[in-house]
Amino acid sequence: AQKVTQAQTEISVVEKEDVTLDCVYETRDTTYYLFWYKQPPSGELVFLIRRNSFDEQNEISGRYSWNFQKSTSSFNFTITASQVVDSAVYFCALSEAGRGSYIPTFGRGTSLIVHP
Amino acid sequence: GAGVSQSPSNKVTEKGKDVELRCDPISGHTALYWYRQRLGQGLEFLIYFQGNSAPDKSGLPSDRFSAERTGESVSTLTIQRTQQEDSAVYLCASSPRGDYNSPLHFGNGTRLTVT
C-alpha cells in the first residue's frame with residue numbers, strides 16, 4: 001500500500017528565512033511519481049512539481065528546490081528566502097504505476113506561516 | 001482556458017437532508033477525482049472516474065455517498081441523510097489522461113456544513 005507522511009503539521013518562520021518541508025513515502029512499486037501541491041488561503045490546490053522514481057536529480061525553480069532521495073524514501077521541498085506569499089498548506093503526493101487506477105495518495109499537509 | 005469549476009462554493013444543510021455537489025472538469029480531461037478535506041486534515045480519496053471505465057468507488061465512506069459522471073464531463077457527488085461528520089470541503093480534480101504521471105487540476109471546492 002502506498003503511504004505519504006508529512007510529519008510537520010505547522011511551521012512558522014520569519015520572512016527571508018529558509019525552510020524545508022519534509023515528505024517521506026512508502027511504496028512497493030518501483031515505478032511511481034511524487035508531487036508537491038500548494039494550497040493558499042484561497043483554497044485551490046495548485047500543482048508545483050512532479051518527479052518520477054527514476055530521476056533522482058534535484059530540481060531548482062527560483063526560490064524553490066526539491067531533494068529526492070530514494071535511499072531514504074524522501075522528497076523534501078525547500079523554500080529559500082521565504083516570503084509572506086509562501087504562506088500556504090503544502091501537500092506531498094504519491095502515484096504508483098502498478099496500481100490499476102492511478103489515484104494519488106496525499107500526505108496530511110504542512111501549514112507554512114511566513115511572518116513579515 | 002477554464003479550470004475545474006465546483007458548485008456551490010458553500011452549502012449549509014440540516015442533518016438528515018440530502019445534498020448534491022457538482023463538478024465541471026477541464027474540457028478534454030478524461031479523469032475526474034473527488035476528495036474530502038476535513039478541517040486541518042489531509043485529502044481523503046472518495047471516488048475516481050476514468051473515461052468510460054467503471055468508477056473506482058473504494059474511498060466512499062458509506063453507502064450514503066454516491067457519485068455519477070456523464071460521459072467525460074460533469075460529475076455529481078450526492079450525500080444522502082447527511083450527518084455532522086460529513087462537514088468538510090469536498091474537492092474535485094481532473095487530469096488529462098488519469099495516468100500515474102499526470103498532475104491533478106483542482107477546483108476551489110465546496111464547503112459543506114451540516115448543522
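For the structure, see preceding data.
Our subject in this report is the structure included herewith. Source: prediction; values computed, not measured.

1. Details of the overall build of chain B
Next up, step 1: Within chain B, the secondary structure is distributed over zero helices and ten strands.
Next up, step 2: Shown N-terminal to C-terminal, the secondary structure of chain B runs as helices and strands in the order β-β-β-β-β-β-β-β-β-β.
Next up, step 3: For chain B, the C-alpha radius of gyration of 13 Å lies close to 13 Å, the compact-globule estimate for 115 residues.
Next up, step 4: If one aligns the C-alpha atoms of chain B with their principal axes, the spans along those axes are about 40 × 25 × 25 Å.
Next up, step 5: Within the span of chain B, comprising 115 residues, buried residues form 50% of the whole.
Next up, step 6: Contacts in chain B between residues far apart in sequence, at least 24 positions, make up 56% of those at least 6 positions apart.
Next up, step 7: With the model as given, the accessible surface of chain B reaches about 5400 Å², and the carbon-plus-sulfur share is 44%.
Next up, step 8: Averaging the locations of the 12 positively and 12 negatively charged side chains of chain B gives two centres separated by 4 Å.

2. Quick look at the nonpolar core
Within soluble globular proteins, side chains that are nonpolar tend to cluster in buried spots.
Next up, step 1: Core analysis: the largest hydrophobic core is formed by 23 residues, its most contacted members being A:Trp36, A:Phe77, A:Tyr90 and A:Leu112.
Next up, step 2: Among the elements of the structure, strand S2 (10-14), strand S3 (19-21), strand S5 (32-39), strand S8 (64-69), strand S9 (74-79), strand S10 (88-96) and strand S12 (110-115) of chain A are those that each provide at least two residues to this core.
Next up, step 3: Among the elements that take part in this core, S10(A) stands out by supplying four residues, more than any other.
Next up, step 4: With residues near it in sequence (within four places) discarded, A:Phe77 still touches A:Val19, A:Thr20, A:Leu21, A:Trp36, A:Leu48, A:Tyr64, A:Ser65, A:Trp66 and A:Tyr90.
Next up, step 5: Formed by 20 residues, the second largest nonpolar core is a distinct cluster that contains B:Trp34, B:Leu46, B:Phe65 and B:Ala88.

3. A few points about the pattern of salt bridges
Next up, step 1: Applying the stated criterion across every chain, the model contains eight salt bridges over all chains.
Next up, step 2: With a shortest N-O distance of 2.8 Å, A:Asp86 and A:Arg63 are connected by a salt bridge. In this pair, A:Asp86 sits in the loop between S9 and S10 while A:Arg63 sits in the loop between strand S7 (59-61) and S8, placing the two residues 23 residues apart along the sequence.
Next up, step 3: As a salt-bridge pair, B:Glu14 and B:Lys17 come within 3.8 Å of each other at their nearest N and O atoms.
Next up, step 4: The class for B:Lys17 is partly exposed, based on a relative accessible area of 45%.
Next up, step 5: When salt bridges with common partners are traced through the structure, they connect A:Arg51, A:Asp55 and A:Glu59 into a single cluster.

4. Let's talk about the sheet that holds strand S6 (residues 65-69) of chain B
Residue and element names in this part refer to chain B.
Next up, step 1: As summarised here, the arrangement of the four strands in space is S1-S3-S7-S6, forming an open sheet in which the pairing is antiparallel. Either end of the sheet is taken by a strand with one partner, and the two such strands are strand S1 (5-7) and S6. Taking each pair of neighbouring strands and ignoring which way they run, the sheet shows an average axis angle of 15 degrees.

5. A few points about the interface of chain B and chain A
Next up, step 1: Every contact between the two is made by 20 residues of chain B and, on the other side, 21 residues of chain A.
Next up, step 2: Here chain B meets chain A over a buried area of about 1900 Å², counting both sides, of which 58% is carbon and sulfur.
Next up, step 3: On inspection of chain B and its partner chain A, the count reaches zero salt bridges.
Next up, step 4: The interface formed by chain B and chain A includes seven residue pairs in polar contact (both at pLDDT 80 or more).
Next up, step 5: For the side of chain B that touches chain A, the secondary structure elements donating two or more residues are strand S4 (31-37) and strand S5 (43-50) of chain B.

6. Observations regarding the environment of A:Ala97
Next up, step 1: With respect to the secondary-structure elements, A:Ala97 resides in the loop between S10 and strand S11 (105-106).
Next up, step 2: For the pair A:Ala97 and A:Thr27, spaced 70 residues apart in the sequence, the C-alpha separation amounts to 11 Å.
Next up, step 3: If we ignore the near neighbours within four places in the chain, the residues touching A:Ala97 are A:Asp29, A:Thr31, A:Tyr32, A:Tyr102 and B:Tyr100.

7. Considering the pairing of strand S10 (residues 110-114) of chain B
All names here are of chain B.
Next up, step 1: Burial along S10 is one-sided: Thr-110, Leu-112 and Val-114 are buried, while Arg-111 and Thr-113, pointing the other way, are not.
Next up, step 2: By the bridge criterion, four bridges tie strand S2 (residues 10-13) to S10 in an arrangement that is parallel. For Asn-10, the partnering residue across the bridge sits in S10 and is Arg-111.

8. Some points on the state of the cysteines
All names here are of chain A.
Next up, step 1: The final tally for this structure, using the stated rule, is two disulfides over all chains.
Next up, step 2: Here Cys-23 pairs with Cys-92 through a disulfide, and the sulfurs are 2.0 Å apart. Between Cys-23 and Cys-92, the disulfide has an S-S torsion of -65 degrees and is therefore left-handed. Within this pair, whereas Cys-23 is found in the loop between S3 and strand S4 (24-26), its partner Cys-92 is found in strand S10, the two being separated by 69 residues in sequence. Across the pair, exposure class does not vary: Cys-23 and Cys-92 are buried alike.

Cut-offs used in this document
- Residues numbered from 1 in each chain as written.
- Chains lettered and ligands numbered in written order.
- Predicted model: local features only at pLDDT ≥ 70, side-chain atom pairs only at ≥ 80, totals over all residues.
- Heavy atoms only, no water.
- Helix = DSSP H or I, 4+ residues; strand = E, 2+ residues; numbered from the N terminus.
- Rg over C-alpha atoms; globule rule 2.2 N^0.38 Å.
- Buried < 20%, exposed > 50% of the residue type's maximum accessible area, 1.4 Å probe, protein only.
- Contact = heavy atoms within 4.5 Å.
- Areas by Shrake-Rupley, 256 points an atom, 1.4 Å probe, with all protein chains shown as cover.
- Lys, Arg positive; Asp, Glu negative; His and termini not counted.
- Charge placed at Lys NZ, Arg CZ, Asp CG, Glu CD.
- Core = buried A, V, L, I, M, F, W, Y, C linked by side-chain atoms within 4.5 Å.
- Salt bridge = Lys/Arg side-chain N within 4 Å of Asp/Glu carboxyl O.
- Pairing = 2+ DSSP bridges.
- Axes fitted to C-alpha atoms, helices over the stretch in contact; angles between N-to-C directions.
- Buried area = accessible area lost by both parts, 1.4 Å probe.
- Polar contact = N/O pair within 3.5 Å; in protein donor to acceptor, adjacent residues only side chain to side chain.
- Disulfide = S-S within 2.5 Å.

Purely spatial values, then, with no claim about function.
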